[in-house]
2 protein chains.
Amino acid sequence: MIPFNKPFIIGNELKYIEEAVKSGKISGDGLFTKKCNQFFESRYGFQKVLLTTSCTDALEMAAILCNIKEGDEVIVPSYTFVSSANAFALRGAKIVFVDSEANQPNICVKEIEKHITSKTKVIIPVHYAGVACDMEAIMNLAKAHHLIVVEDAAQAIDSYYTFSNGTRKPLGSIGHMAAFSFHETKNVIAGEGGLLAINDPQYNERAEIIREKGTNRSAFFRGEVNKYGWVDIGSSFLPSELISAFLYAQLEHIDQIQEKRISIWNKYYKGLKGLENSGYIQLPVIPENATNNGHMFYIVCKNYEERTGLINYLKKFDIHPVFHYLSLNKSEFFLSNNASIDIPNSDRYTDCLLRLPFFYELKEEEQTCVINHINEFYLNK
Amino acid sequence: MIPFNKPFIIGNELKYIEEAVKSGKISGDGLFTKKCNQFFESRYGFQKVLLTTSCTDALEMAAILCNIKEGDEVIVPSYTFVSSANAFALRGAKIVFVDSEANQPNICVKEIEKHITSKTKVIIPVHYAGVACDMEAIMNLAKAHHLIVVEDAAQAIDSYYTFSNGTRKPLGSIGHMAAFSFHETKNVIAGEGGLLAINDPQYNERAEIIREKGTNRSAFFRGEVNKYGWVDIGSSFLPSELISAFLYAQLEHIDQIQEKRISIWNKYYKGLKGLENSGYIQLPVIPENATNNGHMFYIVCKNYEERTGLINYLKKFDIHPVFHYLSLNKSEFFLSNNASIDIPNSDRYTDCLLRLPFFYELKEEEQTCVINHINEFYLNK
């Protein structure tokens, strides 16, 4: 059986959990959370990093930091995970869905521009499959219209974007804030987990407060105030040290993980390129100013029926690819408050995109088997 | 050094984490989350249990399930953790603070009654130190005024309440819902973690949706709907299997943990009873219809200065007791939206209550040392 995903232990995960217990602290913000935060700040230059219990929670922190009020508009791609929108809906925002590019699922900048109104407050570029959105254009739009940019970088760890002046920046370091995920399907994992990266220091102080249930506890522990109390709304966004200890052990091997994942990606690309050349399927596109972080490999089939046929064919060999998002503009929740709208590219990815088995421990012969059966499906039709 | 708290490993915590990884699933709602849920449902008869990333998150789920709208009033003791109030403030509730009893920190039922208005929607009894609030009176009030009761049972695992007809029920099984904590300071721990117990089945379906980012994914996996999508607001309240695997290993030893903790509690009580008899301090009160779950041992000093003196005295011997909450009605957040109010018993616990070192691995000789030094402090004054 070749599953879609498989979590893995790569180094000192269990040893570090034991160490955390012995250190006398396994609630949030202990030794390993600090090590993780430092790792991200130093490797990617994020101005401030706050580990969270999930990427969803990081997005919810961002929504509170953006001070979303009833009726504020937030621009989100329709082809994304529900949390990209829900985190802002929770605070009363009106979600404005925008289409993907025709050649890849990332948000279309021209479409963003059309949807900006006087009520627009935030843009959420989602770096699908870890491939950068057109961040230069998005940051320019945001500047012109005084908008906040929150990168949904759930899939985008260790991926980069190059500006037209040649400056290369890690994804998550470009917007005002960014949210990452360590869900078990991601490159580095902790089962569930996330982080909020803050690149604009004006949000630092309130972010610490919001993350600590609305208290100024962090400032208290630094000796900046002489008692701490309830000063704002907030939640418990801190992960257990069990999570950060596990995560830190993975981060120590990030280069090894990335090398392996990129080689898996390249083998898929090479093995399926013939099908794209013959017009059967569409493969992922990596724009020149973006990089490939080996997060995911997907193909785009011609239509829903063909994709269903391929899924069923592969299942016969115990291979388990999975489709991805359903256009959020067609969701029951959106339609209960909004008129129906047409977002064609998002619908096409909803119906036709298929993600192939992809995990650190995927064996070469397993991958060869997946590639061969996909080729068989198309060429023996 | 005798710390206030110390996390511990009691059995298969690390082995189960390894098993979770090998099982192929460490994101939420895997094997160990199900085992934990079943444990709680069968041991305590909660109608439905949903593990969460923290007790704060369980309270936030409850606030969404109560359908809190701007201006709804929620009655909360002033002497409690910020999350008991904040979870409802996040949804726009007006928080109505009520005083504790004079002889113990639990909410005073007579005071609740005085504060019920036509806008009151929810009462939050907090079982301080795991000792039951007067649940019969609270449930009667709720019935008479059509209110929802959400037990804040953060500290109350394995504690019971006896109704006047002789029926004995576990705390957390009496209100419409209840929130528990597995923070490292609790009886059974996972660093950070919690659960929502639902006792009124009308909340079951929506609870599953809210916990899964507002999607009907749980119903999909049970085959009740043929695809899942965004149907409601929600968040990612599921803990990683790393958390539930650790927690389950602790739950397997709950009787052993409880036995040890109750013996620690009894030793403190016996060792400090003389000081209470002589009028120096006040010890915890366990009402006849409540039980002692060995969660916490506190003393109530005469005043703030005396408590500070005692803390400093014990620190000289490297003993680290800690005070607890600050009256929430005096918080910056509350006062920024409300007039100042007087809540005297809560203020007294704020100033005078002191929690003594209390953890599973506390050694007899360490505890003797704490008891002796407290007696010395008062008797040699």
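What counts as what
Residues numbered from 1 in each chain as written. Chains lettered and ligands numbered in written order. Predicted model: local features only at pLDDT ≥ 70, side-chain atom pairs only at ≥ 80, totals over all residues. Heavy atoms only, no water. Contact = heavy atoms within 4.5 Å. Buried area = accessible area lost by both parts, 1.4 Å probe. Polar contact = N/O pair within 3.5 Å; in protein donor to acceptor, adjacent residues only side chain to side chain. Helix = DSSP H or I, 4+ residues; strand = E, 2+ residues; numbered from the N terminus. Nonpolar A, V, L, I, M, F, W, Y, C, P; charged D, E, K, R; others polar. Domains from an automatic or database assignment. Salt bridge = Lys/Arg side-chain N within 4 Å of Asp/Glu carboxyl O. Pairing = 2+ DSSP bridges. Axes fitted to C-alpha atoms, helices over the stretch in contact; angles between N-to-C directions.

What follows concerns the interface of chain A and chain B. Taken together, the contact pairs 56 residues of chain A with 56 residues of chain B. Both sides of the chain A and chain B interface together cover about 4600 Å² of buried area, and 68% of this is carbon and sulfur. For the chain A face of the interface with chain B, the top three residues by lost area are Glu192(A), Trp230(A) and Phe333(A), together amounting to 18%. If you look at where chain A meets chain B, you find 20 residue pairs in polar contact (both at pLDDT 80 or more). Taken together, the elements giving at least two residues each to the side of chain A that touches chain B come down to α1 (13–22), α3 (55–65), α4 (82–89), β3 (94–98), α9 (241–251) and α12 (332–335) of chain A. Broken down by element, the residue count for the side of chain A that touches chain B peaks at 5 residues, all from α4(A). By residue class, the composition of the side of chain A that touches chain B is 29 nonpolar, 16 polar and 11 charged.

What follows covers the domain arrangement of chain A. All names here are of chain A. Here chain A is described as being made up of domain 1 (13–251) and domain 2 (254–379). Using only C-alpha atoms to locate each centre, domain 1 and domain 2 end up separated by 25 Å. Facing the 42 residues of domain 1 at the interface are 35 residues of domain 2. A combined buried area of about 3200 Å² lies between domain 1 and domain 2, and 54% of that area is made up of carbon and sulfur atoms. Counting across the interface, domain 1 meets domain 2 through 1 salt bridge. Among the ionic pairs, Asp255 bridges to Arg43, the shortest N-O distance being 2.8 Å. Run the count over domain 1 and domain 2 and you get 27 residue pairs in polar contact (both at pLDDT 80 or more). Taken together, the elements giving at least two residues each to the side of domain 1 that touches domain 2 come down to α2 (31–44), α4, β3, β6 (160–162) and α9. The leading source of residues in the side of domain 1 that touches domain 2 is β3, at 4 residues. Its residues placed into classes, the side of domain 1 that touches domain 2 shows 22 nonpolar, 12 polar and 8 charged.

Residues and elements named next belong to chain A. Taken in spatial order, the 7 strands of this open sheet run β1-β9-β8-β5-β4-β2-β3, and their pairing is mixed. At either margin of the open sheet sits one strand with a lone partner, and together these are β1 (48–52) and β3. Taken over all neighbouring pairs, the strand axes of this sheet differ in orientation by 25° on average, direction set aside. Across 5 bridges, the pairing between β1 and strand β9 (residues 194–198) is antiparallel. The partner of Leu51 across the bridge, within β9, is Leu195. Across the sheet, α2 is in contact with β1 and β9; its angle to β1 comes to roughly 135°.

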